[in-house]
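In case you want the letters, here they are:
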Amino acid sequence: MTKKAGTRKYAALLRGINVGGHKKVPMAELRSVLEGLGHGDVQTYLQSGNAVFSAAQKDPKDLARELEAAIEAHFGFRVACLVVDGDHLRAVADACPFPAAELEGRQLHATFFSEQPAADRFAALAAADFLPEEFRLGDRVLYLFAPQGLGRSKLAEALARPAVVKGIDATTRNWNTVAKLVELTRA
């Protein structure tokens, strides 16, 4: 389907669904919810809450709130959603401070934020305590290099503490997923 004038490609990143049998959101139903909101070119990627769609150019925060309300109405529970446009996804990929092409997708992650966190939220984390793991802040994103993967990352655990992320919706994707979402929002 061709892109209509005045529309833009977006990615919706749902937080904490389909994990351990909680907050089950079948992707076919998620596609129906997005289509019910009037969005076109709807696709999902994996079972972990990634969707791509076309919509009239609009503030991504407004799109996220609309999707959260529609998911709650349809499924009966709240799911935090972040919506980012394709331009932002490409900028995130282009600005990656780590050598993404040289790393396995499980070693590099991007945590997307609903708003830019103040750098001082991260000041208490002594970088040397987590080496060889590292992180860098970007534009509404945190890049995390975790050589042993996210499941074994002590730094990821520290970055998820309430003192760091309180009041900000955040969701993490591995680099393979980021690259695929960049591709899908470009199409």
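These numbers were taken from a predicted model, which means no experiment stands behind them. Each chain has its residues counted from 1, following the order in which its sequence is written. It should be noted that, the model being predicted, local features are given only for residues of pLDDT at least 70 and side-chain atom pairs only at 80 or more, the latter also being counted only at that level, while totals for whole chains, interfaces and linings use all residues. Based on all heavy atoms of the structure, the side-chain values leave hydrogens and waters out of the count.

Student: What is the right way to look at the side chain of T7 in this model?
Tutor: For the purposes of this entry, the term helix denotes a DSSP run of H or I that reaches at least four residues, the term strand denotes a run of E that reaches at least two, and both are numbered from the N terminus. Mapping T7 onto the fold places it in strand β1 (residues 7-14). Burial here depends on accessible area, computed with a 1.4 Å probe over protein chains only, as a share of the maximum for the residue type. Under 20% is buried, over 50% is exposed, and the range in between is partly exposed. Exposure remark for T7: the relative accessible area of 14% places this residue in the buried category. For T7, the contacting residues outside a window of four places in its chain are A55, A56 and Q57. Here, two residues are considered to be in contact whenever any of their heavy atoms come within 4.5 Å of each other.

Student: Would you explain the sheet that holds strand β6 (residues 134-137) in this entry?
Tutor: Within a sheet, adjacent strands bond to each other through the backbone by hydrogen bonds, running parallel or antiparallel. In this description, strands pair whenever DSSP reports at least two bridges between them. Strand order in the open sheet formed by four strands is β6-β7-β5-β8, with antiparallel pairing between adjacent strands. Each end of this open sheet is capped by a strand with a single partner; those strands are β6 and β8 (170-174). The mean inter-strand angle of the sheet, taken between neighbouring strand axes irrespective of direction, is 20 degrees. Contacts from helix α6 (residues 175-186) reach β5 (108-113), β7 (141-145) and β8, with the element oriented near 95 degrees to β8. As a rule, the C-alpha atoms of each element are fitted with a line to give its axis, helices using only the stretch in contact, and angles between N-to-C directions run from 0 to 180 degrees.

Student: What's the story with the environment of S32 in this structure? I'm lost.
Tutor: Summarising the element assignment, S32 is placed in helix α1 (residues 27-36). Along the primary structure S32 and K154 are separated by 122 residues, whereas in three dimensions their C-alpha atoms are 38 Å apart.

Student: Even after reading the chapter, I still don't get the packing of α1 against helix α2 (residues 60-75), so can you show me in this structure?
Tutor: Relative orientation and spacing of two packed helices are given, respectively, by the angle between their axes and the distance between those axes. Where α1 meets α2, the axes come as close as 10 Å, and the angle between the chain directions of the two elements is 125 degrees. The pairing of α1 with α2 is recorded here as oblique in orientation. Regarding α1 and α2, the two cross each other, and that crossing is right-handed. Contact residues: E29, L30, V33 and L34 in α1; L67, A70, I71, H74 and F75 in α2. Looking at side-chain class alone, the contact of α1 with α2 contains seven nonpolar, one polar and one charged residues. Roughly parallel means an angle under 35 degrees; roughly antiparallel, over 145; roughly perpendicular, 65 to 115; everything else is oblique. The sense of a crossing depends on the near helix, which, turned anticlockwise from the far helix by less than a right angle, makes the crossing left-handed and, turned clockwise, makes it right-handed. When residue character is reported, Ala, Val, Leu, Ile, Met, Phe, Trp, Tyr, Cys and Pro are called nonpolar, Asp, Glu, Lys and Arg charged, and the others, Gly included, polar.

Student: Whenever I open this one, α6 confuses me. Can you help?
Tutor: Each α-helix winds once per 3.6 residues, and so residues spaced three or four apart point in a common direction. For α6, with 12 residues, the first-to-last C-alpha span of 17 Å sits near the 16 Å given by 1.5 Å per residue. Among the residues of α6, those classed as buried are W175, T177, V178, L181, V182, L184 and T185. As used in this structure description, the phrase polar contact means that two N or O atoms lie within 3.5 Å; if the pair is within protein, one of them must be able to donate a hydrogen and the other to accept it, and residues adjacent in sequence are counted only when both atoms belong to side chains. You can read the cap of α6 off the contacts: a side-chain oxygen lies 3.0 Å from the backbone nitrogen of N176, and it is on N174. Every helix has an expected span of 1.5 Å times one less than the residues it contains.

Student: How should unusual backbone geometry be read in this particular structure?
Tutor: For residues that are not glycine, phi is negative in most cases, and the peptide bond is trans in most cases. Going from L131 to P132, the amide bond is cis rather than trans, its omega being 15 degrees. Its place among the elements puts P132 in the loop between β5 and β6. At K23, a residue that is not glycine, the phi angle is positive and equals roughly 45 degrees. Relative to the helices and strands, K23 resides in the loop between β1 and α1. A relative accessible area of 36% means that K23 is categorised as partly exposed. Positive phi is not limited to glycine here, since D41 has a value of about 50 degrees. If you trace the backbone, D41 turns up in strand β2 (residues 40-45).

Student: I tried to follow the pattern of salt bridges on my own but got confused; where do I start?
Tutor: Side chains that carry opposite charge are capable of pairing whenever their charged atoms lie near each other. Just to be clear on terms, a salt bridge is a Lys or Arg side-chain nitrogen sitting within 4 Å of an Asp or Glu carboxyl oxygen. Evaluated as defined, the whole model comprises 10 salt bridges. One salt bridge connects R90 with D87, and the closest N-O pair in it is separated by 2.7 Å. Note that R90 and D87 are positioned in helix α3 (residues 86-94) at a spacing of three residues, about one turn of the helix. Residue classification places R90 among the buried positions, given a relative accessible area of 18%. In this structure, the salt-bridge partner of E183 is K180, at a minimum N-O distance of 3.3 Å. Here E183 pairs with K180, and both are found in helix α6, just three residues apart, close to one helical turn. Of the residues examined, E183 reaches a relative accessible area of 45% and is grouped as partly exposed.

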